[in-house]
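# Tertiary structure, described
The chain contents come next:
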Amino acid sequence: MEPKIARPPYDEELHKILVSLGNTPVITPDLIPTVRARTKLIPGPDQIIAGQPITHEEHTIKGPGGDITLSIFRSETSTSSLRPAILWFHPGGFFTGNRFGAIPTLLVYVKELDAIIITVEYRLGPEHP
């Protein structure tokens, strides 16, 4: 039998909104594989930047539970050495998703502001609390 994972409380402000909507989402451990299966639908970096003057590079950093991959998106045509940067942690409640999920939306900042996008492939819970 799997151990029961206690449901943490919501932030007070968020809880008020969820209650007003009449919907407080419940994801149980048995639903996690189904929710994670949607991640396979997220396109990879080559598809995301195809035909755009944007580069993608990957780096790894050492972590206590193993390496963590970072993806960096930037303009191919920039001539500036000083640019804004956005450090993006993907949504997914820390149990699903991947670092490429919101990149198509964030690329507007690369194009319009010459920003650099750095996104993290963090380890997912509950396997990595």
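A few words now on the overall build of the protein. What the protein contains, in helices and strands, is four helices and four strands. Counting helices and strands in the order they occur from the N terminus, the protein gives α-α-α-β-β-β-α-β. By the compact-globule yardstick of 14 Å for 129 residues, the protein is too spread out, its C-alpha radius of gyration being 18 Å. In terms of overall dimensions, the protein has C-alpha extents of about 55 × 35 × 25 Å along its principal axes. Per-residue burial for the protein yields a buried fraction of 26% across its 129 residues. Intrachain contacts of the protein at a sequence separation of at least 6 include 63% that bridge at least 24 residues. Of the roughly 9,100 Å² of accessible surface on the protein, a fraction of 60% belongs to carbon and sulfur atoms. Measuring between centres, the 12 positive side-chain charges of the protein sit 3 Å from its 14 negative side-chain charges.

With respect to the helices and strands, the residue Thr 39 is situated in the loop between helix 2 (32-37) and helix 3 (45-49). The exposure class assigned to Thr 39 is buried, which follows from its relative accessible area of 18%. Those residues in contact with Thr 39 that sit more than four places away from it in its chain are Thr 96, Gly 97 and Asn 98.

This next bit is on the pattern of salt bridges. If you walk through the whole model with that rule in mind, you get six salt bridges. Note that Glu 57 and Arg 74 form a salt bridge whose closest N and O atoms lie 3.7 Å from each other. You can see Glu 57 sitting in strand 1 (residues 54-61) and its partner Arg 74 sitting in strand 2 (residues 68-75), a full 17 residues away along the chain. A salt bridge links Glu 121 to Arg 99; the shortest N-O distance between them is 2.9 Å. Here Glu 121, found in strand 4 (residues 116-121), pairs with Arg 99, found in the loop between strand 3 (85-89) and helix 4 (103-113); they are 22 residues apart in sequence, far enough to count as distant. Each of Glu 58, Arg 99 and Glu 121 takes part in a single network of salt bridges with overlapping partners.

Scoring rules and cut-offs
Residues numbered from 1 in each chain as written. Predicted model: local features only at pLDDT ≥ 70, side-chain atom pairs only at ≥ 80, totals over all residues. Heavy atoms only, no water. Helix = DSSP H or I, 4+ residues; strand = E, 2+ residues; numbered from the N terminus. Rg over C-alpha atoms; globule rule 2.2 N^0.38 Å. Buried < 20%, exposed > 50% of the residue type's maximum accessible area, 1.4 Å probe, protein only. Contact = heavy atoms within 4.5 Å. Areas by Shrake-Rupley, 256 points an atom, 1.4 Å probe, with all protein chains shown as cover. Lys, Arg positive; Asp, Glu negative; His and termini not counted. Charge placed at Lys NZ, Arg CZ, Asp CG, Glu CD. Salt bridge = Lys/Arg side-chain N within 4 Å of Asp/Glu carboxyl O.

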